[in-house]
Amino acid sequence: EKYMGQNTIASLLQAAGKTFHVYAEGYADAVAAGAMCASPPEACGLHLGIYPCIYDPTDIPFLYYAQHADDPNFVQDYSQLAKDLDAGTLPDVSFVKPLGFHSEHPGYSVTISDGDAIVGALVDKVGTSCYKDNTLILLTWDEGGGFFDHVAPPPDSTVDNQPYGTRVPLLAIGRFAKKGAVSHVQMEHSSIVKFLEFVFLGGQTGQLGARDAVVNDIGSLLDPAATGMTIPDQ
């Protein structure tokens with residue numbers, strides 16, 4: 001059942017007049033297939049019309065909310081991203097989700113090199129577009145893949161009492177990122193939400209009244225000389 005009457009960071013941005021799109025690989029094929037399963041791309045090693053070869057809406061958190069799931073323009077096919085970069089029509093904020101075999105998720109014949117290739121191509125595409133000097137790419141993963149991490153997770157969230165898992169990378173890419181720097185500030189996925197609130201919503205963070213109100217911001221990853229402002233790191 002879709003969540004009703006609950007805001008997301010996309011809702012807040014849209015209400016403030018900002019544009020937000022999800023670019024999902026395989027989306028156009030899924031739409032074209034209708035009630036049938038889409039044909040898997042040749043590049044997917046599993047060669048089956050299931051995950052990780054075809055579009056999976058359950059991997060896109062915004063689609064659990066009615067206002068986004070019922071908006072026919074909210075999700076665009078990944079191929080549209082390159083067109084928008086070329087045309088200068090990229091939204092203010094983009095959420096990019098590749099197919100499972102490009103996600104580096106262990107198992108299912110997935111390889112790290114496939115994920116590396118799609119990320120590298122996207123970074124190169126942005127870097128040769130009109131957006132190269134005003135775009136920050138934030139690359140992260142949804143979980144650690146079950147691999148061992150010698151650093152124990154922090155205590156359960158005080159907001160929802162849910163536990164944390166092992167650490168996942170968060171890479172800041174582009175001219176706004178600190179060059180050759182590693183942050184030692186504790187962050188989590190909601191830190192990106194807090195960052196978007198700070199930058200696009202007048203510095204008013206915690207507007208969702210959830211983890212965005214208590215987590216650290218991503219300022220420790222960014223270069224104030226390039227951003228022209230100091231992004232908080234807490």
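Residues numbered from 1 in each chain as written. Predicted model: local features only at pLDDT ≥ 70, side-chain atom pairs only at ≥ 80, totals over all residues. Heavy atoms only, no water.

Enquirer: Help me understand the nonpolar core, please; the structure alone is not making it clear to me.
Expert: Within the largest apolar cluster, 24 residues are counted, with the highest numbers of intra-cluster contacts made by I9, F20, V22, I60, F62, F74 and V75. Breaking this core down by element, the ones donating at least two residues are α1 (9-15), β1 (20-24) and α6 (190-200). For this core, the element with the most residues is α6, which contributes five residues. The residues contacting F74, other than those within four sequence positions of it, are A10, Q14, F20, H21, V22, F62, L63 and H68. Among the nonpolar cores identified, the runner-up in size contains ten residues, and Y23, Y78, I118 and V126 belong to it. (Core = buried A, V, L, I, M, F, W, Y, C linked by side-chain atoms within 4.5 Å. Buried < 20%, exposed > 50% of the residue type's maximum accessible area, 1.4 Å probe, protein only. Helix = DSSP H or I, 4+ residues; strand = E, 2+ residues; numbered from the N terminus. Contact = heavy atoms within 4.5 Å.)

Enquirer: What should I look at first to understand the side chain of Q76 in this one?
Expert: As for its position among the elements, Q76 is in strand β2 (residues 75-77). A distance of 2.9 Å separates the side chain of Q76 from the backbone oxygen of N73, its partner in a polar contact. Setting aside residues no more than four positions away along its own chain, Q76 makes contact with H21, V22, Y23, A24 and Y27. (Polar contact = N/O pair within 3.5 Å; in protein donor to acceptor, adjacent residues only side chain to side chain.)

Enquirer: Can you help me understand the sheet that holds strand β3 (residues 93-97) in this one?
Expert: Working definition: the strands of a sheet are paired by backbone hydrogen bonds and lie parallel or antiparallel to each other. On the basis of which strands lie adjacent, the open sheet formed by three strands has the order β2-β1-β3 and parallel pairing. With partners counted over all chains shown, the strands left at the sheet margins are β2 and β3, one partner each. Direction aside, neighbouring strands of the sheet carry axes that sit 30 degrees apart on average. As judged from the five bridges shared by β1 and β3, these two strands associate in the parallel manner. In the sheet register, A24 faces β3, and the bridge partner there is K97. Against the sheet, helix α4 (residues 78-87) touches β1, β2 and β3, its axis set at about 85 degrees to β2. (Pairing = 2+ DSSP bridges. Axes fitted to C-alpha atoms, helices over the stretch in contact; angles between N-to-C directions.)

Enquirer: What is the right way to read the packing of aromatic side chains from this model?
Expert: Aromatic rings in a pair are described by how distant their centres are and how their planes are angled relative to each other. Counted under the stated rule, the structure contains six aromatic pairs. Between F20 and F74, the aromatic rings sit 5.7 Å apart at their centres with planes inclined by 5 degrees, giving stacked as the arrangement. Note that F20 is positioned in strand β1 and F74 in the loop between α3 (66-69) and β2, a separation of 54 residues in sequence. For F20, a relative accessible area of 4% puts it in the buried group. (Phe/Tyr/Trp six-rings, centres within 6.5 Å; stacked < 30°, edge-to-face > 60°.)

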